[in-house]
Amino acid sequence: MRFTFPLMALGLEVGMIVLFGLYVQYETEQNILQQLNTTKPADMGRFLELYPLFQDVHVTVFVGIGFLMTFLKKYSYSGIGINLLIAALGLQWGTIMQGVLDSYGHTIHIGVKNMINADFSAVTVLISFGAVLGRTSPVQMLIMTIIEIAVFAYNEYLVGEIFQASDTGASMTIHAFGAYFGLAVAGILYRSGLRRGHKNEESVYHSDMFAMIGTLFLWTFWPSFNSVFAEAGDKQYRAIVNTYLSLVACVLTTYAISSLLEQRGKLNMVHIQNATLAGGVAVGTCADMEIQPHGSMIIGSIAGIVSVFGYKFLTDYHEHAGSCTGFFHRNSTCWRSDYRFNSKDTYLGTAI
Amino acid sequence: MRFTFPLMALGLEVGMIVLFGLYVQYETEQNILQQLNTTKPADMGRFLELYPLFQDVHVTVFVGIGFLMTFLKKYSYSGIGINLLIAALGLQWGTIMQGVLDSYGHTIHIGVKNMINADFSAVTVLISFGAVLGRTSPVQMLIMTIIEIAVFAYNEYLVGEIFQASDTGASMTIHAFGAYFGLAVAGILYRSGLRRGHKNEESVYHSDMFAMIGTLFLWTFWPSFNSVFAEAGDKQYRAIVNTYLSLVACVLTTYAISSLLEQRGKLNMVHIQNATLAGGVAVGTCADMEIQPHGSMIIGSIAGIVSVFGYKFLTDYHEHAGSCTGFFHRNSTCWRSDYRFNSKDTYLGTAI
Amino acid sequence: MRFTFPLMALGLEVGMIVLFGLYVQYETEQNILQQLNTTKPADMGRFLELYPLFQDVHVTVFVGIGFLMTFLKKYSYSGIGINLLIAALGLQWGTIMQGVLDSYGHTIHIGVKNMINADFSAVTVLISFGAVLGRTSPVQMLIMTIIEIAVFAYNEYLVGEIFQASDTGASMTIHAFGAYFGLAVAGILYRSGLRRGHKNEESVYHSDMFAMIGTLFLWTFWPSFNSVFAEAGDKQYRAIVNTYLSLVACVLTTYAISSLLEQRGKLNMVHIQNATLAGGVAVGTCADMEIQPHGSMIIGSIAGIVSVFGYKFLTDYHEHAGSCTGFFHRNSTCWRSDYRFNSKDTYLGTAI
């Protein structure tokens, strides 16, 4: 047991190096020209053009989600540390899995799009990680990363290539999928009896401040996240504007409902950290469409309201754990709300 | 009273959605071509070209100013939380107000320039917010945002369109205006008797570290802030270089004067957090002009010196509250210095 | 003594302004056309094209390295504060030194490349600063900055212009040079008897979290750092991809070895903060070459392993201080490992 984690981590890295050695090569002018015949144009100029958007997404994943995970006072190290571990493994494994499906088993030519896709697959696992934060070991997380990304890549391939569904900001394939997967894993782990940790599942003043670093970088860069894969031109422009407006509107309704539901009209930091981001997820699927500026603001407003109610409702009536799944069937906006709900629900459930 | 804030926040968001529904539309090729006949060129390519600069400004507003507001140990939550609320409301209201004035009441076509302008109008309110931090309620902040942005938009329209004054980095229209407005509001609130909070108006070790996150992002991205609206080409280049050099020079004089004035030659974190940014404000108005590299360094150096003296002088001789206004008449560089001055001055004044 | 620092800082700034007045001018179309005849093309368009990369590097220097220096609980202020001071002086002095050597004493025309180069020279001093953190005065740091950058600029000129060596990510000229220089300075200061500070050379929970802000921004933006001076096109593309993959692989081996060497298989935050970055340094020199994706992953994996072993080995056998130099002769990857090693080694050495 003592050497399980080091050996598994080393073994996985060796495996990744072997897979990259077999399947992954640089992009060259040659293979870009080959691609031109079959798919969309992609040249070196496009690389540097998309690179700033890639960096926005990269900051979102490592700084944004990383610090969002630090809210538990005893798990700040784990939150940010395991986030980095999962993301680093997920990037490599995601490159392989998505590349194999996209290239039908041929050589993968790594470019900025693969790198962004790899970040996206890492995000999926990180969302699930949020649901089990503080109750899992690094070894379990390594296994979850390998399994979840394999399933995710196949699911995304189905949704995008076979069903040809529109999901610009990947709200369905990433956020809803990641949340469900995390809930399922939490359910399994709960039954297997991880029942300690009541007192540790709290935040303190400073851990909530660190979490705000995450929130603000996620909030700021979400328009990049939702628009990075939109078609250049009008669609990309709309994906940025719609996400921006949805997030802005979401802030006001989040604050309003938070104050409405909390004692003496106070604001709750948990809502501010999480529900303010619901607007970005909610508008994700249709971000590049002509839903009009006020349309995205309506979506964002509702997302904020639903998300805060979700927190409050699910936390207070923790015995109705089943309602959570039903809740998620009705909307995928409160993707983060499951995090704390699950932790609280589980330990209260076991305490009874 | 219990429901004032939630109802007002919801009401304002509903109002914004209605206004956006009536007046705001996407940019389309059609209306860009119409604009070409009358005003400056603006095409979709320009959107993505300016988008990284927009993101720099966006980080400045939400992460930079947000964390700069966390220095008070008991108001870190309020500092960063209300910052987000004001900015989100300000963005929407600023889009409407500036758009109405710029388009003479016609439909507003939202583009990256509107989004940056909206960030700028939010900044104005955030500067005023700094002057009243820890002494106001969220409801008051919502009201202040609505009033101040209306006045700001009209004032900026006067300065820029009617007087045709040059103010690239918006030092006058944003920083000086925001500081004055904040001082006025602080004066009004002071008389109305908010007299608690002595002990809470302090920083602790970690709250000062969080404030440094804000300082460093503001410092790093200030060249983007001052150059984003400069004319593409030579002027934009100069706006970046001049701001960069002014900020760099400002750091050394800030440290020197801070050590000179503090006991036993120590450095004061308040000076480092705020006076190092004075160079960016001071050079703002003339950032795109040919003031030469050493010219901007001289401006930055003086800004650092004046700003630290401003803190020290205004804090020590707190009874001469009137001097503050006179001080601001002579320079607009110590825009942040008013924050703590005001808080300290006010509570000391009431304590006497 | 009381006025040494303020007078020196002011005097240096005055000196910089005089030097900039004499030698530094804006870029103009004229001198760009002159340059075209002799060296590579560089136009205004290139300025804005490189500006986002410059900003990435700028964030790396001021936020990344700045917060990485905050890990010591009693020196968080000094870490981040002196980092800003050194960087601000280093930027100006580096512009002059590198400009004089590059332009053979003629007028320096400041452009985005000079600004990035200036950031790079500041990084060199900051690496050395890490080796003496908590044991030096600001005055000593000002002197070190002036001397080290002069030596660095000449050394870089030798390596790059005279020897024509390839060092895209500047691992040799910056990281190895900075580490050696810092070790030398630490050696000198140790002999001169700065023997206090045992208890202060520790981290606490929150100071380690602040350091993670630095780590994550360095980690995220390192591909920009290594690629910013690579030749546009294939080489720049490879510099980004190779650095990205090396860093990703480095994370897994760092975690594995950290868990292997620590008690009860726990992870050590010091390793996570520092060794995860070793991949970026290790691949720096050859980042733009065709080392293949799996090649950079192998380099990153080894860098992580060596770096964690370096920490553990050098910290445990602190009496063998001499081994450190030998260690660095064999690899330049554990550039940060010297930081804590040196501090711990020195105070334990003096305690004996």
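Residues numbered from 1 in each chain as written. Chains lettered and ligands numbered in written order. Predicted model: local features only at pLDDT ≥ 70, side-chain atom pairs only at ≥ 80, totals over all residues. Heavy atoms only, no water.

## What about the packing of aromatic side chains?
For the structure on display, the rule yields 39 aromatic pairs over all chains. Measuring from ring centre to ring centre gives 4.5 Å for Phe-62 of chain A and Trp-219 of chain C, while their planes differ by 40 degrees; the resulting arrangement is tilted. Here Phe-62 of chain A is found in helix 3 (residues 44-68), whereas its partner Trp-219 of chain C is found in helix 8 (residues 205-227) on a different chain. Here the aromatic rings of Tyr-237 of chain A and Tyr-26 of chain B are separated by 6.2 Å at their centres, their planes lie at 75 degrees, and the arrangement is edge-to-face. Residue Tyr-237 of chain A is found in helix 9 (residues 234-261), and its partner Tyr-26 of chain B is found in strand 1 (residues 24-26); the two belong to separate chains. The exposure classification of Tyr-237 of chain A matches that of Tyr-26 of chain B, with both residues buried. An aromatic cluster is built from Phe-67 and Phe-210 of chain A, Phe-67 and Phe-210 of chain B together with Phe-67 and Phe-210 of chain C, whose rings are joined through pairwise contacts. (Phe/Tyr/Trp six-rings, centres within 6.5 Å; stacked < 30°, edge-to-face > 60°. Helix = DSSP H or I, 4+ residues; strand = E, 2+ residues; numbered from the N terminus. Buried < 20%, exposed > 50% of the residue type's maximum accessible area, 1.4 Å probe, protein only.)

## Here we look at the pattern of salt bridges
Residues and elements named next belong to chain C. Going through the model one piece at a time under the given rule, you end up with three salt bridges over all chains. Two residues, Glu-290 and Arg-238, come together in a salt bridge whose shortest N-O distance is 3.9 Å. Taken together, the residues Glu-290 in the loop between helix 11 (278-282) and helix 12 (293-316) and Arg-238 in helix 9 (residues 234-261) connect sequence positions 52 residues apart. Since its relative accessible area comes to 57%, Glu-290 is described here as exposed. (Salt bridge = Lys/Arg side-chain N within 4 Å of Asp/Glu carboxyl O.)

## Brief notes about the interface of chain B and chain C
Accessible area lost on assembly of the parts is the figure often given for the size of an interface. At the interface, 53 residues of chain B touch 51 residues of chain C. With both chains or domains summed, chain B and chain C bury close to 4,600 Å², and 78% of this area falls on carbon and sulfur atoms. Counting the surface chain B buries against chain C, the share from its top three residues, Tyr-237, Tyr-244 and Leu-252 of chain B, is 17%. Inspection of the chain B/chain C interface yields zero salt bridges. In this structure, the connection of chain B to chain C is made through ten residue pairs in polar contact (both at pLDDT 80 or more). Of all the secondary structure elements, the ones that give two or more residues to the side of chain B that touches chain C are helix 3 (44-68), helix 8 (205-227), helix 9 (234-261), helix 10 (269-274) and helix 12 (293-316) of chain B. A total of 19 residues in the side of chain B that touches chain C trace back to one element, the largest contributor, which is helix 9 of chain B. (Contact = heavy atoms within 4.5 Å. Buried area = accessible area lost by both parts, 1.4 Å probe. Polar contact = N/O pair within 3.5 Å; in protein donor to acceptor, adjacent residues only side chain to side chain.)

## Quick notes on the relation of the copies chain B and chain C
Overlay of chain B on chain C (RMSD 0.0 Å): rotation 120 degrees, translation along the axis 0.0 Å. Here the symmetry operator amounts to a three-fold rotation axis. Considering only C-alpha atoms, the residue of chain B closest to the rotation axis is Pro-52 of chain B, which sits at 4.1 Å. An overlap of only 8% is found between the interface residues of chain B and their copies at the interface of chain C, pointing to separate contact surfaces. (Least-squares fit on C-alpha atoms with pLDDT ≥ 70 in both.)

## Things to note about the interface of chain A and chain C
Across the contact, 51 residues belong to chain A and 53 residues belong to chain C. In this assembly, chain A packs against chain C so that about 4,600 Å² is buried in total across both faces, 78% of it on carbon and sulfur atoms. Looking only at chain A, the three residues that lose the most surface to chain C are Tyr-26, Tyr-77 and Leu-84 of chain A, adding up to 18% of its buried area. Taken together, chain A and chain C are joined by zero salt bridges. Counting every contact that joins chain A to chain C gives nine residue pairs in polar contact (both at pLDDT 80 or more). Of all the secondary structure elements, the ones that give two or more residues to the side of chain A that touches chain C are helix 1 (4-23), strand 1 (24-26), helix 3, helix 4 (76-102), helix 5 (112-132) and helix 8 (205-227) of chain A. Residue composition of the side of chain A that touches chain C, grouped by class: 35 nonpolar, eleven polar and five charged. (Nonpolar A, V, L, I, M, F, W, Y, C, P; charged D, E, K, R; others polar.)

## Here's the deal with the confidence of the model for chain A
The predicted coordinates should not be examined in detail at positions where pLDDT is low. All names here are of chain A. Confidence in the prediction for chain A averages 78 pLDDT; 78% of positions are at 70 or higher. Highest mean pLDDT in chain A belongs to helix 1 (94); lowest belongs to helix 13 (residues 322-330) (26). Across residues 37-42 the pLDDT falls below 50, and counting only partners more than four positions away or on other chains, this stretch makes three contacts in the model. Every residue in residues 193-199 is under pLDDT 50, and counting partners more than four places away or in other chains gives seven contacts. Predicted complex metrics record ipTM = 0.83 and pTM = 0.85. (pLDDT = per-residue confidence, 0-100.)

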